[in-house]
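Survey of secondary and tertiary structure
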Amino acid sequence: MILEKQTEANIHQEGESQDSIGMSLDLDSAQVLMQMLSKNLYSDSVGSTVRECASNALDSHRRAGTTDPIIVSFTKNNDNNYEFSVEDFGIGLDADDVRNIISKYGKSTKRNSATELGMMGLGFKAPLAYSSSFYFTCRKNGVERKYMMYEGEDTNTIDLLYEAPTTERNGVKVIVPVKYYDRGDFRTKIREQLAYFESVYFNVEDMDNDFTIHRHEHFQFSPLASDHYLHICLDNVYYPIDFGKLGIDKINFPVALRFSLTDGIFPTPNRESIRYTKEAKDIILSKLSTVADYFVQKYNESIKDSDDPAAIIEYYQNENRYIKSSDGKNKWDVNPLKKFSTVTITQPKLKDTKFLDMKLIFRHREYILGEYENKFQLYNRIMRTVKSHWADLRIQKLDDNHYYVYTDKISGLKKDYLKATLEKYGTFYFLKKNRDFKLGSAKHVDYKTYYHILKLENHPKSRWREVIKEFQYMLGLITKKFKDLDALEVPDTFVQSRKKVKVVANGGKVPGQRRLKIKGEMVCKKAEPLERWVDGKNCKWVSTIYDLAKFHQNPFILVYGKQEDAEKMDKMFKPTRSLKVEFAILSERELKIVKDIQLHNLIPFSEFMEGKNKPFQRIATACLIDRLYDEYRGVFNNTSPLHDISKDLHDKIIALHNYRAANFKDVNDEVRNVIIDQAAELKAFDPTIYSIYLQVETICRKLPFLNSMLGNISRYRRDDDDNPMIQALIDLFKYHKHRIDWKNYNIRLNEDLPLEQTLTSETVEELVNQD
């Protein structure tokens, strides 16, 4: 990179200069200067190490004229330690290069180059900002040399470790040892700093080399880039934009403004940011305007006039103005760019109209169907009368045939047919035209008039008729999508099927005749799910007839009670939905009939609530587990880390989790606690799982760290099997003297004896009690 030269200043001086002193470097302070230029120069030691090593490698390739990729690696070495490395196959280095260039601070061969990134003579030493030492291997002219650069006592030093002949091609490989806890930071910085570098092969876990950097003359986009705001690339080196220094708000648009090394943009000495001189800011803002024009123009090319009013209204309903990226995998909102563009964003118009303001139509969309009343709505196969009569235009439903229009009334037969045939989910609207729009005037505000809906005061009077005609044309396009309910004919097959249903409901008798009650039947009101929400209710009571002679064949338990039990039974309805339990209310006559009947699946409500039956015990135990689940969500929702710490505890929590999933239905805390209190008083918990519950509850209360640590463990990146959170959990288990799996203790086994002879309950107890 060609170094920017300071322009000579015009100096205003009063009086005659007596002496001029040329400034120089104090050689006695060389060590201090080298320390400043290597250790204290960089604020981001990891990012700078990645950027400078890769930049030097690419410069070497450019000088050598090779198009082969450099290799950027982040791996474990043979000693199971992490290391970052960059290898190039460029011009290489020999002993003279290391002695005369690499060892010198400020020495650079790139200051007169318009194609190479370096110029300060500092980049090769950048790894010393992160580590006190690193290695580099050089190959040139058939000789390979390995060096170590490190911080010495008096001065930074380069030691030659070995020298040997080689047949490999010229090149340099820089190897930087990485601290364990910095491994995530290195992976992040590799993606961030090298997102736009060309000819790079990444030997890094979770980084795929199958991606494309999309380059344009003025901008570029990389799938690797993690900066979602507009940023800068100076010859493919990434720099975030300091929007404050530019004097503008942040721009949420994830592409890079592209600058070459000769565009007048220069980095700071540590190359971690751009120098925001007045000239640089003007250049950046000019480029921003050019890029904004490009994207707004591209967006405008995608906007077409439409003959669908709903589509245009939907356009205004969404404030974002998206454009697809060149690879089609991303879409970006161009709104943040519009204030910097000289091009105005195009808005769609309704075809065959000249004066109709569709943006105004969007703002008044709830009024444009003011000639219609929304008389009925059908939802979940229940038809309700609409009290407000408000005909709200729901754009997303127009093309789904969710709007019906009629002129007089809807017959009961037609309503039944609609409820039986329309989709179960979704809302259907039944409109009736009751009025016509009037012209109106400015005197009285009325959005059922053309004057106020169309804001005719914004048009000359001579144009009003044309604007109204265009509005009526638009209404015609909308209403032609309504289905004509008057023209709908109910099929004869549906009519006949209704008659058959009525006959079956009356026991095969002709409708209108009273059905005789057969001896041995039980008439009751059975609890059924609500068809619509009712405050304070969980079920409805539906008349049902049971054949007592065949009642034992029913695959459920019927819990019956009196009318005064209805409220309590209603509360038990939801908790029993998964347990094949039904509830019913019996009259005094029916109670006498079933009083002396002994059936395994027929039980009074009072006896059911005594807790001696399995269904009640399962409900109560599931409620108990649910309350523990609410208190220790971190434990129940993140159990997997316990598998390798204490498999016994892991399996017990999973058992409780599965039991709750099979037996608990969502009920409010009040009902849940009433059931738990009653079961506790009656000692009516399920013995097959209750003992496991008590053990898990005791452990959760004994180990106060467990819930918070497991609840937050997912926030930490898990890059490999060596998760420090897992080790911390193991240490805390030991500290609290809670037994864990033997493999987590420091065990020295006698290899000549079987495991069961070396690991006894006594030895495990000793391990639990060790520090």
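In this numbering scheme, every chain counts its residues from 1 along its sequence in written order. Whole-chain, interface and lining totals are the exception, using all residues; otherwise, since this is a predicted model, local features are given only for residues with pLDDT of at least 70 and side-chain atom pairs are given and counted only at 80 or more. Water and hydrogen atoms play no part in the side-chain values, which are based on all heavy atoms of the structure.

Some remarks on the nonpolar core
As used in this record, nonpolar core signifies buried Ala, Val, Leu, Ile, Met, Phe, Trp, Tyr and Cys residues forming a set joined through side-chain atoms within 4.5 Å. A 1.4 Å probe rolled over the protein chains alone gives each residue an accessible area, and that area as a share of the maximum for its type sets the label: buried under 20%, exposed over 50%, partly exposed in between. Core analysis: the largest hydrophobic core is formed by 109 residues, its most contacted members being F84, F136, I190, F295, L454, F471 and M474. Contact between two residues is taken to exist if any of their heavy atoms lie within 4.5 Å; hydrogens are not considered. Dropping the residues within four chain positions of it, F136 is found in contact with V98, I102, F124, R145, K146, Y147, M149, I158, K173 and V174. Core analysis: the next-biggest nonpolar cluster, separate from the first, contains 57 residues, I619, I653, I699 and L710 among them.

Quick notes on the sheet that holds strand β24 (residues 602-604)
Strand order in this open sheet of five strands is β21-β20-β23-β22-β24, and the pairing throughout is mixed. Each edge of the open sheet is held by one strand with a lone partner, namely β21 (539-547) and β24. For this sheet, the mean inter-axis angle between neighbouring strands, taken without regard to orientation, is 40°. Strand direction decides the pairing type here: strand β20 (residues 521-529) and β21, joined by nine bridges, are antiparallel. Residue pairing for β21: K526 is matched across the bridge by V542. Paired strands, in this sense, are two strands between which DSSP finds at least two bridges. For helices the rule is a DSSP run of H or I covering at least 4 residues; for strands it is a run of E covering at least 2, with both sets numbered from the N terminus onward. Angles here are taken between N-to-C directions and fall from 0 to 180 degrees, while the axes themselves are lines fitted to C-alpha atoms, restricted in helices to the stretch in contact.

A closer look at the environment of G142
Mapped onto the elements, G142 comes out in the loop between β3 (133-140) and β4 (143-151). Taking relative accessible area as the criterion, G142 reaches 30% and is therefore assigned partly exposed. A sequence separation of 28 residues divides G142 from N170, and the C-alpha atoms of the two residues are 7.7 Å apart. Beyond its immediate stretch of four places on either side in the chain, G142 contacts A164, P165 and T166.

Remarks on the pattern of salt bridges
One side-chain nitrogen of Lys or Arg within 4 Å of one carboxyl oxygen of Asp or Glu is enough to make a salt bridge. Considering all chains together, one arrives at 33 salt bridges under this definition. Close ionic contact of E52 with R51 constitutes a salt bridge, the shortest N to O distance being 3.3 Å. As far as burial versus exposure is concerned, E52 and R51 are alike and both buried. Measuring nitrogen to oxygen at the nearest pair gives 2.8 Å for the salt bridge that ties D630 to R672.

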